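# Structural overview
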Amino acid sequence: MQALSDITVLDFSTLLPGPLCTLLLAEAGARVIKIERPAGGDEMRGYLPRFGEDSVNFTLLNRGKTSVAMDLKNEDERARLRRLVEGADVLIEQFRPGVMQRLGLDYESVARINPRLVYCSITGYGQKGARAGMAGHDLNYQALTGMLSLTGDAQGRPLVPPTLTADLAGGAYPAFMNILLALRQRDRDGKGRHLDVAMADNLFTLMYWGLGNGWSQGQWPRPGSDKVTGGSCRYQVYETADGRHLAVAPLEDKFWRAFVEVIGLPELADAAEDDASVRQRVAAVLIQRSAEAWMQAFGDGDTCVSLVASLREAAEDPHFIARGLFSREVADGASRTMPALPVPIDPSLRVPASQVQAPGLGAHTARILAAQEATE
């Protein structure tokens, strides 16, 4: 029995934040019923590249769930859905504020049907506020919270981030955490609640150091100028002779001293970390040898130096493979499999199945609705 084996989740979300949150819940044992439009379902199904009938993205994010296809604009369909609401523990939706209310599925309406329901809304800017109804994507949320401004070089040109930080760290993970807290609170008081997860709000937590410096000292961070934005010789990416790069992060004195010893610049042991000339000297040394030669020189010492690996190299790294990170598989419904997306849940708390499958659109509609009606 997993921790959430007795929990039923109705998932109205699409694309990334909500589906990743419900994937975490499913991996912890919850029964996740994905509510989809009969025509097309989750938009993510149509993305490229394909893996079987659906996209790779959809398959990775929706394994282990069931799918019920329903037209939420149809009153008869909504009536059948309300019966599912009666037996659910969690409802997750990702529409703009007001959409679920127009469908008669807002928190106040469903709470009258099931007062124990934990109702989680994931949006870009929250359920209230000047931007509550504004459209946006991850890049917009990072831009408006100041995060994107810190990705650039010393000239201030922001870079498009390689990860959807707002969707993941601002949406899926906080939603998962708050749902678990709400379920624990429900164990005590028997009441459900409405959780307002705003992806933009939650990005500020990730910039704690910049906010602290700004609030306490008036030193607001700038791209390419501060300790972790490129201003320190001890927290830099340096190029090597073969065009590869090393991530150099010996922030503490003991690591820095070990680092400068290896590169043959022991006289820099006490150098100021924000001295541009020190960065230049380190860069001039590291560019003289290949990345492989440098990594052999650093060995297993305490220097906090890593090769900047490609994603393929990282996925094939013996360390991550030995930890079983990619040992689970997801199937395409035919004969093909690929590694399942790793999730941050301890293996002892996850469902034991080593191979799972994402649901076909509406594959479980008849069975789930018939079972629900049979209990009435």
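All of these numbers come straight from a predicted model, not from anything done at the bench.

This part covers the sheet that holds strand E13 (residues 337–339). Reading across from one edge, E13-E12-E14 is the order of the 3 strands in this open sheet, with mixed pairing throughout. Lying at the two open borders of the sheet, with one neighbouring strand each, are E13 and strand E14 (355–357). Averaged over all adjacent pairs, the angle separating strand axes in this sheet is 35°, with direction ignored. Taken together, the 3 bridges between strand E12 (residues 329–331) and E13 define a ladder with antiparallel strand orientation.

A separate point is the domain arrangement of the protein. Along its sequence, the protein is organised into domain 1 (6–203 + 324–372) and domain 2 (234–314). Computed over C-alpha atoms, the centres of domain 1 and domain 2 are 41 Å apart.

Moving on, we get to the pattern of salt bridges. All told, the structure shown has 18 salt bridges when counted by the stated rule. Residue Arg-193 is joined to Asp-189 by a salt bridge in which the shortest nitrogen-to-oxygen separation is 3.2 Å. We classify Arg-193 as partly exposed; its relative accessible area is 27%. Its salt-bridge partner being Glu-313, residue Arg-244 comes within 2.8 Å of it at the nearest N-O pair. Residue Arg-244 is found in the loop between strand E9 (236–239) and strand E10 (245–248), and its partner Glu-313 is found in helix H13 (residues 311–315); the two are separated by 69 residues along the sequence. We classify Glu-313 as partly exposed; its relative accessible area is 33%. Here the residues in one salt-bridge network are Glu-27, Arg-63, Arg-328 and Arg-350, joined through shared partners.

With that out of the way, let us pick up unusual backbone geometry. In this structure, the amide linkage connecting Leu-48 to the following residue, Pro-49, adopts the cis form with an omega of 5°. Take Pro-49: it is sitting in the loop between strand E2 (31–36) and strand E3 (50–51). One non-glycine residue, Leu-15, lies in the positive phi region at around 60°. Among the structural elements, Leu-15 can be located in the loop between strand E1 (8–11) and helix H1 (17–27). A positive phi is found at Cys-304, a non-glycine position, where the angle reads about 55°. Looking at where Cys-304 falls in the secondary structure, it is placed in the loop between helix H12 (291–298) and strand E11 (305–307).

Definitions and cut-offs
Residues numbered from 1 in each chain as written. Predicted model: local features only at pLDDT ≥ 70, side-chain atom pairs only at ≥ 80, totals over all residues. Heavy atoms only, no water. Pairing = 2+ DSSP bridges. Helix = DSSP H or I, 4+ residues; strand = E, 2+ residues; numbered from the N terminus. Axes fitted to C-alpha atoms, helices over the stretch in contact; angles between N-to-C directions. Domains from an automatic or database assignment. Salt bridge = Lys/Arg side-chain N within 4 Å of Asp/Glu carboxyl O. Buried < 20%, exposed > 50% of the residue type's maximum accessible area, 1.4 Å probe, protein only.

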